[in-house]
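# Per-entry structural report
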Amino acid sequence: MSTTSPGSAPVIARENPARSGELVGCVPATEPAAVDSAVRRADDAFREWSRIPITERITALLGAAEAVSARSEELATLLARESGKPLADCRGEIGFAVAFLRWVCDRAPVTLAPTEIDDAAGRLVVRRKPYGVVGCITPWNAPVILALLKLGPALVAGNTVVLKPSPLAPLAITEIVSLLPAVQVVHGGAETGRALVGHPLVRKVAFTGGDAAGREIAATAGAMITPSVLELGGNDPAVFLPDFALADADYERLVMASFATSGQVCMAAKRLYVPRARVAEFTEAYVAAAERILVVGDPLDPRVTMGPVISAGAAARIRALLAASGGGTAVPLGRNAPGHDPLSGYFVTPRLVVGLDDDAPLVAAEQFGPLVPLLVYDGEEEVLTRANASELGLGASVWSADEERAFALADRLEAGFVFVNTHNRTGMSLRAPFGGIKRSGYGREYSEEGLLEYVHPAVVHAPAAFRPGGTGMAAGAYPG
Ligand code: NAD
């Protein structure tokens, strides 16, 4: 991935996963030692950026949103070529990221406004102050939105940022960051990320990625007393209550809830729990919907809805997971786009896998690929226990014709986010806090809560007793 040519600086080269060997572009590799100067530049910039009025920061960020929007077609094509995601998905991701940036600019003046109380109890001011340099580390599966979810709130609040994108999709986000104020980018893998998290001038860490990196980052940040936000993996159950009523369009949405981005989405529907009496009907309609909606091929082909997975290593890992989950039947889904050659890149055939137990590796682990297990259940308490048995608790969904019943079950699912009658992107909202519980991490993105992650409440308090003319208080007493 990282190459050095004689006489030139080291670079990270990114290939097109749909056409293995085709170079999409390069970014300069940042040696871990060079992370220090990026953090110091960000720390210097913090003094100026944090002091300018929020209205000026908003003006700068709205200008950047406009600039990204104006280049969205070019950026979406670059993103599709480096990530293997269909072009329409990439347009959607960039559009959503721009919408989020604008939403943050709209909400920030209210959400981040100081609160001031001046009454008989005293004078209390609570300001929402930025931390300083925020170290952001992001994965490859949605490299634009996952970076903007951190950069938008951090920057509007007055922090500066050092971003380390994934070396597997660094190109489009680097272009986008060049349009934003107060952000430094460093490129590299785990070593570069470690140098960032462990830097003493990094005052907050925001990470999205997998379990192993998340644990290490939490440990390093903990040792440094650096606050962190961790958005980690999920193994989302989708629970179909016995009264579920799905039309063709609903089945199509459900199929894409698992297979968008070739299943490489943290909040994809990863375990489908279907009541025994309706399994045959469900399976038939699901396979038919996949045949209509799931078209595998080159991400730049407008007919295509599913591209390759991110790398040869990912394809091998996903196939090994299926092989290790013997005992089930893997039903191939969808179809290839006309003229598509599955051997041109890292393509994995999408499959519905039936007949597995919950402890099969494909069910128990986050598959992060285009394989989805269909699991049969008999009773509501049973399915609740099985859905909650995972150590992960990111998202979940409940599908029912009765919204009250769906909400009642949703309340008992162990997840940060439960969708009703949908799952994955179609269930998102800019105003809904997003993040996980249990081993899926902590902290939130999107929403007012996501904005508040990047400020700390700084208090100034003059108790009434000690203000001019106050009555005073006995030494050591508690206020009444
Ligand atoms: P990853 O953890 O391998 O890498 C993520 C980022 O962390 C990359 O930039 C990588 O270079 C860096 N990194 C790796 N090890 C590091 C370390 N020890 N210290 C510092 N940085 C390190 O994850 P990935 O394969 O890029 O992404 C897939 C995972 O991300 C999946 O588990 C998925 O569910 C999760 N994810 C979660 C969310 C969410 O919002 N909860 C969203 C998208 C993806």
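Criteria and thresholds
Residues numbered from 1 in each chain as written. Predicted model: local features only at pLDDT ≥ 70, side-chain atom pairs only at ≥ 80, totals over all residues. Heavy atoms only, no water. UniProt positions renumbered as here; feature names shortened; annotations may be inferred. Helix = DSSP H or I, 4+ residues; strand = E, 2+ residues; numbered from the N terminus. Rg over C-alpha atoms; globule rule 2.2 N^0.38 Å. Buried < 20%, exposed > 50% of the residue type's maximum accessible area, 1.4 Å probe, protein only. Contact = heavy atoms within 4.5 Å. Areas by Shrake-Rupley, 256 points an atom, 1.4 Å probe, with all protein chains shown as cover. Lys, Arg positive; Asp, Glu negative; His and termini not counted. Charge placed at Lys NZ, Arg CZ, Asp CG, Glu CD. Near = heavy atom within 4 Å. Polar contact = N/O pair within 3.5 Å; in protein donor to acceptor, adjacent residues only side chain to side chain. Nonpolar A, V, L, I, M, F, W, Y, C, P; charged D, E, K, R; others polar. Domains from an automatic or database assignment.

The name given to the protein chain in an unreviewed UniProt entry is Aldehyde dehydrogenase family protein, and the organism recorded there is Microtetraspora glauca. Reading the Sequence similarities (unreviewed entry) entry of the UniProt record for the protein chain gives the comment "Belongs to the aldehyde dehydrogenase family."

Here we come to the overall build of the protein chain. A count of helices and strands for the protein chain gives 15 helices and 23 strands. Its C-alpha radius of gyration of 24 Å places the protein chain within 12% of the 23 Å reference for a compact globule of 480 residues. Principal axes of the C-alpha set define a box for the protein chain whose edges measure 80 × 65 × 40 Å. Burial statistics for the protein chain: of 480 residues in total, 52% are counted as buried. Pairs at least 24 residues apart make up 71% of the contacts formed inside the protein chain by residues separated by at least 6 positions. Entry remark: accessible area of the protein chain is about 19,600 Å², with carbon and sulfur atoms responsible for 57%. Positive and negative charge centroids in the protein chain, built from 43 and 52 side chains respectively, lie 5 Å apart.

Attention now moves to the UniProt feature "active site" (unreviewed entry) in the protein chain. According to UniProt, the feature "active site" (unreviewed entry) maps to Glu231 in the numbering used here. Considering the arrangement of structural elements, one finds glutamate 231 in strand 10 (residues 228–231). Setting aside anything within four residues of it in sequence, one finds glutamate 231 in contact with Phe207, Thr208, Gly209, Phe434, Gly435, Gly436, Ser440, Gly443, Arg444 and Glu445.

Right, let's talk about the site of the ligand for a bit. Lining the immediate surroundings of the ligand are 30 residues, of which Thr138, Lys164, Gly210, Leu232 and Glu366 lie closest. Within the backbone of threonine 138, a nitrogen or oxygen atom sits 2.8 Å from an oxygen atom of the ligand. In this structure, lysine 164 approaches the ligand through a side-chain N or O atom, which is 2.9 Å from an oxygen atom. Against a free-state accessible area of 850 Å², the protein chains account for coverage of 87% of the ligand. At the level of elements, helix 7 (190–197), strand 9 (202–208) and helix 8 (211–224) are the ones that each hand at least two residues to the shell around the ligand. Residues that form the shell around the ligand fall into these classes: 15 nonpolar, 10 polar and 5 charged. Shared between two domains, the shell around the ligand holds at least three residues of each, these being domain 1 (2–232 + 440–460) and domain 2 (237–427).

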